[in-house]
Amino acid sequence: MPKLKVYLLTGRTIDQGTGKEYGKLSEEYQKSVSICQMDPEDIKFLKVRENENVKVTTEFGSIIMKVVKSKRAPHPEVVFVPYGPWASVLANPKTHGTGMPSLKGEMAEIEPAPTEKVLNLQELLRTHFRRK
Amino acid sequence: MKNNIIVKVKNACAVGEAKFLNYALHRQTKPLIRKNGELVETSLEEAIQRGAEILANAQYPILYGWSNTSCEAIRVGVELAEEVGGVIDNTSTVCHGPSILSIQDIGISSCTLGQLRHRADLIFYWGSNPWSAHPRHIDRYTTFSEGRFQRSAWRGYLSRLTGTLARKRLGRAIDLVLGRQILSPPETEFRLPPTLFQNKRKMIVVDVRKTRSAEIADYFLQIQPNKDYELLQALRLLIRDEELDVDEVAGIPVEILEEIVDIMIGCKLGILFFGLGLTMSQGKLRNIDAALSLVRDLNQRTKFLIMPMRGHFNVTGANVVFTWQTGYPYAIDFSHGYPRYNPGETSVTDILRRGESDAGLVVASDPVAHFPNAAAQNLVKNPLVVIDPQATPTSIMADVVIPSAFVGIEVEGTAYRMDHVPLPLKKVVEPPETCLSDKEILQRILVEVRRLRSEHN
Amino acid sequence: MTHLIIKNGFVYDPLNGINGEKMDIFTSNGRIVEKVAEKEAKVIDASGMIVMPGGVDIHCHIAGAEVNSGRLLRPEDHVKDVEVKTRLTRSGVGYSIPSTFTTGYRYSRMGYTTIMNPSMPPLEARHTHEELDDTPMLDKASYPLLGDWWFVLEHLRDGLLEECAAHVAWIMNATKGYAIKIVNPGGLEAWSSGRNMRDIDDSVPYFNITPREIIRGLCKVNKLLNLPHTIHVHTNNLGKPGNYVTALETMKCVEDLAEGDRPVIHVTHSQFSSYKGSDWRTMSSGAEEVAKYVNHHSHVTLDVGQVIFTDTTTMTADGPFQHRLYLMTGNKWVNHDVETETTAGIVPFRYRRKSAVHATQWSIGLELALLIKDPWKICMTTDHPNGGPFTAYPSIIAWFMSQVARKKTMMKISKRARRNSLLPSIDREYSFYEIATITRAGQAKILGLKQKGHLGVGADADIAIYDVNPEQVDPSRKYKTVRRAFRKAAYTIKGGEVVVKDGQIVKPVYGKTFWLDVKTSLPMEVNDDLKQKFRDYWTIEYENYAIPERFLHASAPISIKAEV
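Residues numbered from 1 in each chain as written. Chains lettered and ligands numbered in written order. Predicted model: local features only at pLDDT ≥ 70, side-chain atom pairs only at ≥ 80, totals over all residues. Heavy atoms only, no water.

1. Notes on the domain arrangement of chain B
Residues and elements named next belong to chain B.
Next, step 1: What the domain assignment lists for chain B is domain 1 (14–95 + 313–456) and domain 2 (98–308).
Next, step 2: Distance between the C-alpha centres of domain 1 and domain 2: 37 Å.
Next, step 3: Of the residues lining the interface, 13 residues belong to domain 1; the matching set on domain 2 comes to 16 residues.
Next, step 4: Taken together, the two surfaces of domain 1 and domain 2 that pack against each other cover about 1100 Å², and 65% of this comes from carbon and sulfur.
Next, step 5: Among the residues domain 1 hides against domain 2, the three largest losses belong to Cys95, Met418 and Asp419. Together they make up 48% of the total.
Next, step 6: Our count for the contact surface shared by domain 1 and domain 2 stands at zero salt bridges.
Next, step 7: At the junction of domain 1 with domain 2, the criterion picks out two residue pairs in polar contact (both at pLDDT 80 or more).
Next, step 8: Classifying every residue of the side of domain 1 that touches domain 2 gives nine nonpolar, two polar and two charged. (Domains from an automatic or database assignment. Contact = heavy atoms within 4.5 Å. Buried area = accessible area lost by both parts, 1.4 Å probe. Salt bridge = Lys/Arg side-chain N within 4 Å of Asp/Glu carboxyl O. Polar contact = N/O pair within 3.5 Å; in protein donor to acceptor, adjacent residues only side chain to side chain. Nonpolar A, V, L, I, M, F, W, Y, C, P; charged D, E, K, R; others polar.)

In structure tokens:
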């Protein structure tokens with residue numbers, strides 16, 4: 001299976017911004033933050049299609065997300081994920097003495113995951129947070 | 001408004017409109033307490049009592065959030081943190097914290113947004129995408145706004161747009177007819193367009209990918225990821241008339257940089273807006289150091305200003321209130337009885353990562369969604385009190401949930417705009433009975449905490 | 001009902017002509033009264049101690065956008081000086097720019113009860129008031145910056161004096177302000193294009209008006225509106241060698257507007273405007289010329305702006321000046337332009353004994369105070385924190401009262417400055433009566449605060465008691481005793497309540513915020529035209545600009561009837 005090493009960027013999107021105003025537990029919000037925007041050439045390279053699922057892995061965590069074709073291409077080997085619980089699973093908590101975790105520019109690996117599904121929020125919280 | 005429900009919103013941006021129309025959809029109105037692993041409804045009194053207990057009994061609690069509530073509430077929050085000897089921190093710690101650290105080293109040449117509307121003829125957005133994150137920024141304050149001394153560049157943009165669209169359509173038509181591609185994608189060309197040299201407002205966007213904001217700019221400078229520091233320092237050198245030994249910096253040819261520097265020096269009043277593209281990528285505060293220094297150096301040649309693009313409607317207010325009451329803008333530790341500030345040590349992500357805190361209060365914020373998972377896990381492991389109008393990933397992991405009224409919709413308050421201008425937020429509808437303002441909830445918790453501590457003594 | 005009797009102290013009440021008389025002071029319900037029965041009152045034995053009205057500070061930067069940016073800029077300054085939370089007091093930090101609670105407590109511990117925050121950008125007035133509300137122990141007010149306000153520049157340029165007055169009245173109400181503040185008139189507007197004013201007859205870019213016209217225009221407006229204080233002016237060319245000429249021209253330009261003996265202009269931190277010379281090498285004192293002018297004219301009042309040798313933070317609304325200071329020192333620099341109205345700048349600064357320039361600055365402040373004969377014309381300030389923190393006031397009192405104290409400091413300063421200083425030739429020493437004048441009575445009088453600065457019947461019961469016996473201690477020789485006494489008040493009484501004892505806060509209180517409720521006969525018309533102009537000039541709506549009275553925790557409006 002093809003794998004791709006990329007720079008991971010996180011940030012705001014207008015959909016994530018409006019989505020959160022529908023409520024952080026809403027479907028709109030969850031859909032808006034569990035995607036990863038990729039350059040069409042990278043999507044081709046991975047042999048996936050838009051709206052299929054991929055597994056994104058960093059040193060800190062791994063999670064399934066839905067692929068979306070980026071309208072901002074070209075940005076080869078750079079992948080954009082909106083802020084939210086999905087991005088946070090992948091984020092680097094180290095702050096290098098500044099207090100600020102690294103939320104942009106971390107290295108990630110992407111591979112196709114056509115048979116795995118994107119978790120919903122409840123499942124994500126259950127899997128990635130230890131219950132008390 | 002109809003029957004205490006908002007039905008229409010005028011003059012707001014997309015995010016604002018969504019906020020006003022939909023705030024009622026996922027809000028919570030009942031106080032909750034976790035009993036036997038499940039969150040169950042309870043009375044407000046019990047929730048406040050339990051919340052106060054958690055804070056009063058903790059050795060090293062963290063009080064986090066604050067950027068989505070009013071200054072009036074934040075003032076009580078600082079008093080509460082001081083009372084319990086905990087750490088109080090706001091969302092700057094994962095956002096523009098590095099910018100603040102840089103400002104504390106270098107200073108900052110800045111202004112209020114109206115100054116730009118009236119006078120700015122060169123506008124940079126660096127690592128920031130206002131079209132998506134601050135939708136009305138460009139037409140209210142910068143490129144497409146009307147000022148006393150500068151006209152809007154909207155018409156110029158429209159004619160450029162029709163020109164580009166016409167060219168694209170023509171190109172596609174030719175391609176269809178000839179059966180092959182005539183026009184190669186011009187995206188990565190560096191040539192500076194003539195509009196940059198005209199006597200009107202101009203906008204340049206610097207980013208790693210062509211965002212929506214980049215599309216409407218006069219010029220888009222695509223920079224390689226994690227190379228902002230090099231590019232900023234290169235510009236600084238060129239401003240000081242020094243020679244660069246290399247052919248390109250951050251993937252951009254030096255001749256282009258020289259032309260850009262000429263435009264910067266030749267402008268009447270320039271502004272550099274920067275976003276999390278700078279604070280979050282490699283170098284963090286060093287990137288901001290370079291940007292602040294660049295603008296400071298430019299002031300010897302022309303008038304130039306710089307401003308961070310803040311998220312959260314009152315993160316600036318949180319910084320402002322913290323600073324006047326404690327001397328410091330975020331990451332304040334009261335455990336010694338007086339304010340201590342040392343980001344990296346007293347900042348919440350570090351404290352959580354090291355597992356040092358033993359309780360948490362989160363106000364109007366969602367760290368479970370936004371903190372790196374490793375840190376958020378430790379937050380959830382310990383007793384957690386959440387005050388929020390909405391149900392969020394953080395509130396559903398909490399031990400005590402106290403619903404509050406929405407600031408700016410159901411309760412009035414003061415907030416600070418990104419340029420530090422204080423604004424009154426109005427009350428438009430009545431909150432549900434069980435939802436008090438953050439300020440009131442915090443005051444009640446404070447009273448209860450004091451009572452518990454005096455009993456203890 | 002709280003009654004207080006202060007028995008047997010040496011009372012200095014210059015506004016009522018009382019010069020060290022041993023007498024009792026009676027208070028009831030927050031006011032000074034004729035007499036109170038002893039059995040109903042709390043009695044303070046002030047034998048052997050000095051009793052004065054509570055301190056009044058006419059010019060100290062302690063609240064608002066500019067001050068807070070300064071606090072943000074100097075975490076390294078805060079670490080040096082911390083205040084731990086106690087049962088009664090909040091914690092805090094800061095040496096040159098303390099946090100708000102600390103500011104209030106420290107002033108109160110020195111016996112101060114009223115302070116004036118002199119720089120308030122009208123657009124950000126809300127911020128100033130939020131911070132003032134969090135400054136305990138003191139009554140306070142703030143001055144909106146109006147010298148470069150577009151409405152003022154346009155109306156004065158067009159000769160529309162009454163229109164201008166109506167707008168000034170409106171903005172005084174809207175921002176809950178107390179006086180018209182003018183900083184480097186014309187220079188702040190010019191700073192938007194990176195320029196400055198050369199002198200008071202230079203022309204402001206785009207607006208076609210001169211600083212002279214701005215000062216005169218606002219002086220006339222001040223009279224038309226019957227405001228209690230005069231225009232409060234930070235001159236053009238502040239901090240520039242040779243600027244004493246500008247200071248004189250500024251004072252002269254409103255000479256003809258004076259009526260009788262009443263002042264019409266207050267030149268603030270005048271030390272910074274009293275320099276001779278053409279550059280820093282040739283810089284020397286212009287205090288003699290300035291003092292001579294003031295001695296012969298009654299339409300001017302000043303405050304000193306004394307420099308002390310320390311590491312402090314400069315902050316003013318004078319954007320171009322602060323940028324020059326950055327260029328000179330290379331220190332970190334904050335600049336903040338406020339649309340339509342004003343600017344601000346902040347640069348940390350260290351005044352060094354061995355620097356000829358800094359030592360000369362130190363000398364100039366003292367020369368001004370000692371050469372100006374009438375203590376009612378000059379107030380003691382450091383332009384906190386520009387010349388130094390307000391906690392240095394007791395040291396300044398010592399220098400005013402003792403030539404020996406001055407000599408001692410002189411021995412440690414730069415030789416060149418010592419050679420050129422006028423101080424060795426001045427043997428004048430301030431008496432306690434004169435100190436009471438320049439730190440309270442005169443300040444209150446100049447401000448037009450009728451209930452403050454004195455101990456006559458009807459005054460607010462704001463009283464300071466200092467543990468120094470004027471019959472036994474000669475301040476000229478025992479200046480250290482005097483300094484110690486003024487550092488920690490034996491008692492501070494605010495509104496008739498004992499709030500400080502032996503330099504410790506014993507009762508935290510919050511004071512009132514004074515502001516002017518100016519009533520003109522023809523109020524400014526709030527129509528659609530005005531609202532549109534608002535939208536054109538500012539980036540906030542008209543409705544959001546004015547501060548409602550309920551926003552202030554303890555609003556104390558002063559009703560003023562204007563002549564227009």
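After presenting the structure, the write-up continues.
2. What about the interface of chain C and chain B?
Next, step 1: With 56 residues of chain C at the contact, the number on the chain B side is 57 residues.
Next, step 2: Here chain C and chain B share an interface that buries about 4800 Å² over both sides, 52% of which is from carbon and sulfur atoms.
Next, step 3: Taken as a group, C:Leu72, C:Arg90 and C:Glu130 account for 14% of the area that chain C buries against chain B, more than any other trio of residues on that side.
Next, step 4: The interface formed by chain C and chain B holds nine salt bridges in total.
Next, step 5: Measuring nitrogen to oxygen at the nearest pair gives 3.2 Å for the salt bridge that ties C:Asp134 to B:Arg75.
Next, step 6: Sheet topology places strand E5 (residues 107–111) of chain B next to strand E18 (residues 333–337) of chain C; five bridges connect them, and they run parallel. By the bridge assignment, B:Ile108 is partnered in E18(C) with C:Val334. (Pairing = 2+ DSSP bridges. Helix = DSSP H or I, 4+ residues; strand = E, 2+ residues; numbered from the N terminus.)

3. Examining a negative patch on the surface
All names here are of chain B.
Next, step 1: There is a patch of like negative charges on the surface, built from Glu243, Asp245, Asp247, Glu248, Glu255, Glu258, Glu259 and Asp262.
Next, step 2: Per element, the largest residue contribution to the negative patch is four residues, and it comes from helix H11 (residues 254–266).
Next, step 3: Exposure remark for aspartate 262: the relative accessible area of 54% places this residue in the exposed category. (Patch = residues over 30% accessible without salt bridge, like charges linked within 9 Å, V, L, I, M, F, W, Y side chains within 5 Å. Areas by Shrake-Rupley, 256 points an atom, 1.4 Å probe, with all protein chains shown as cover. Lys, Arg positive; Asp, Glu negative; His and termini not counted. Charge placed at Lys NZ, Arg CZ, Asp CG, Glu CD. Buried < 20%, exposed > 50% of the residue type's maximum accessible area, 1.4 Å probe, protein only.)

4. Some remarks on the packing of helix H4 (residues 97–106) of chain B against helix H13 (residues 285–298) of chain B
Pairs of packed helices are described in terms of their axes, by the angle between the two and the distance that separates them.
All names here are of chain B.
Next, step 1: Look at H4 against H13: their axes get within 8 Å of each other, and the N-to-C directions meet at 45°. As judged from the angle between their axes, H4 and H13 are oblique. Note that H4 runs across H13; the crossing there is right-handed. Residues Pro98, Ser99, Leu101, Ser102, Ile103, Asp105 and Ile106 of H4 pack against Leu285, Arg286, Ile288, Asp289, Leu292, Ser293 and Arg296 of H13.
Next, step 2: For the contact of H4 with H13, a count of residues per class yields seven nonpolar, three polar and four charged. (Axes fitted to C-alpha atoms, helices over the stretch in contact; angles between N-to-C directions. Parallel < 35°, antiparallel > 145°, perpendicular 65-115°, else oblique. Left-handed = near helix turned anticlockwise from the far one by under 90°.)

5. Quick notes on a nonpolar patch on the surface
All names here are of chain B.
Next, step 1: A grouping of Leu170, Ile174, Leu176, Val177 and Leu178 is seen on the molecular surface, where their side chains present a nonpolar patch of about 530 Å² in accessible area.
Next, step 2: Residue placement: valine 177 occurs in helix H8 (residues 154–178).
Next, step 3: Assessed through its relative accessible area of 70%, valine 177 is described here as exposed.

6. Quick word on the pattern of salt bridges
Should the charged atoms of two oppositely charged side chains come close, the side chains can pair.
Next, step 1: The full count for this structure, using the stated rule, is 70 salt bridges over all chains.
Next, step 2: When the shortest N-O distance is used, the salt bridge between C:Glu154 and B:Arg148 registers 2.8 Å. Note that C:Glu154 is positioned in helix H5 (residues 150–157) and B:Arg148 in the loop between helix H7 (137–141) and H8, a pairing that runs across two chains.
Next, step 3: You can call C:Glu154 buried: its relative accessible area is 7%.
Next, step 4: As a salt-bridge pair, C:Glu76 and C:Lys332 come within 3.2 Å of each other at their nearest N and O atoms. Within this pair, whereas C:Glu76 is found in helix H2 (residues 75–78), its partner C:Lys332 is found in the loop between helix H11 (319–329) and E18, the two being separated by 256 residues in sequence.

7. Concerning the pairing of strand E10 (residues 139–144) of chain C
Residue and element names in this part refer to chain C.
Next, step 1: The buried fraction of E10 amounts to six of the six residues, a majority that puts the element mostly inside the structure.
Next, step 2: Alternating positions in E10 separate into two faces, Asp139, Ala141 and Tyr143 on one and Lys140, Ser142 and Pro144 on the other, with burial throughout.
Next, step 3: Bridge analysis of strand E9 (residues 112–120) against E10 gives five bridges, and the strand direction is parallel. When the sheet's bridge partners are listed, methionine 120 is paired in E10 with proline 144.
Next, step 4: In this view, the connection linking E9 to its parallel neighbour E10 by way of helix H4 (residues 125–133) has right-handed handedness. (Right-handed = clockwise from strand over helix to strand, strands pointing away.)

8. Focus: the nonpolar core
All names here are of chain C.
Next, step 1: Counting residues in each nonpolar core, the largest one holds 156 residues, and the members touching the most others are Tyr178, Ile180 and Phe400.
Next, step 2: Here this core gets nine residues from one element, more than from any other, and that element is helix H6 (residues 161–175).
Next, step 3: Every residue in contact with isoleucine 180, bar those within four places of it in the chain, is listed here: Pro144, Leu146, Val168, Met172, Leu218, Val221, Asn222, Leu227, Thr230, Ile231 and His232. (Core = buried A, V, L, I, M, F, W, Y, C linked by side-chain atoms within 4.5 Å.)

9. Structural notes on the environment of B:Thr346
Residues and elements named next belong to chain B.
Next, step 1: For threonine 346, the position within the fold is in the loop between strand E14 (340–341) and helix H15 (348–353).
Next, step 2: Residue threonine 346 is classed as buried on the basis of its relative accessible area of 0%.
Next, step 3: Remark: the alpha-carbon pair of threonine 346 and isoleucine 48, spanning 298 residues in sequence, is separated by 27 Å.
Next, step 4: Apart from the residues lying within four places of it in its own chain, the contact partners of threonine 346 are Val87, Asp89, Ala331, Asp333, Arg340, Tyr341 and Ile351.
Next, step 5: Engagement of the side chain of threonine 346 in a polar contact is seen with the backbone oxygen of alanine 331, the distance being 2.8 Å.

10. Examining the packing of aromatic side chains
For any pair of aromatic rings, the description consists of the separation of the ring centres together with the inter-plane angle of the planes.
Next, step 1: Counted according to the given criterion, the structure contains 33 aromatic pairs over all chains.
Next, step 2: Each member of the aromatic cluster is reached from another via a ring pair, and the members are B:Phe149, C:Trp149, C:Trp150, C:Phe151, C:Trp170, C:Tyr206, C:Phe207, C:Phe534, C:Tyr537, C:Trp538, C:Tyr542 and C:Tyr545.
Next, step 3: Here the guanidinium or amino end of B:Arg148 rests over the ring plane of C:Trp150, the centre of that ring lying 4.5 Å away. (Phe/Tyr/Trp six-rings, centres within 6.5 Å; stacked < 30°, edge-to-face > 60°. Lys NZ or Arg CZ within 6 Å of the ring centre and 35° of its normal.)

11. Here's the deal with the confidence of the model for chain C
Next, step 1: Mean pLDDT over chain C: 96, with 100% of residues reaching 70 or higher.
Next, step 2: Our summary of model confidence lists the complex with pTM equal to 0.94 and ipTM equal to 0.96. (pLDDT = per-residue confidence, 0-100.)

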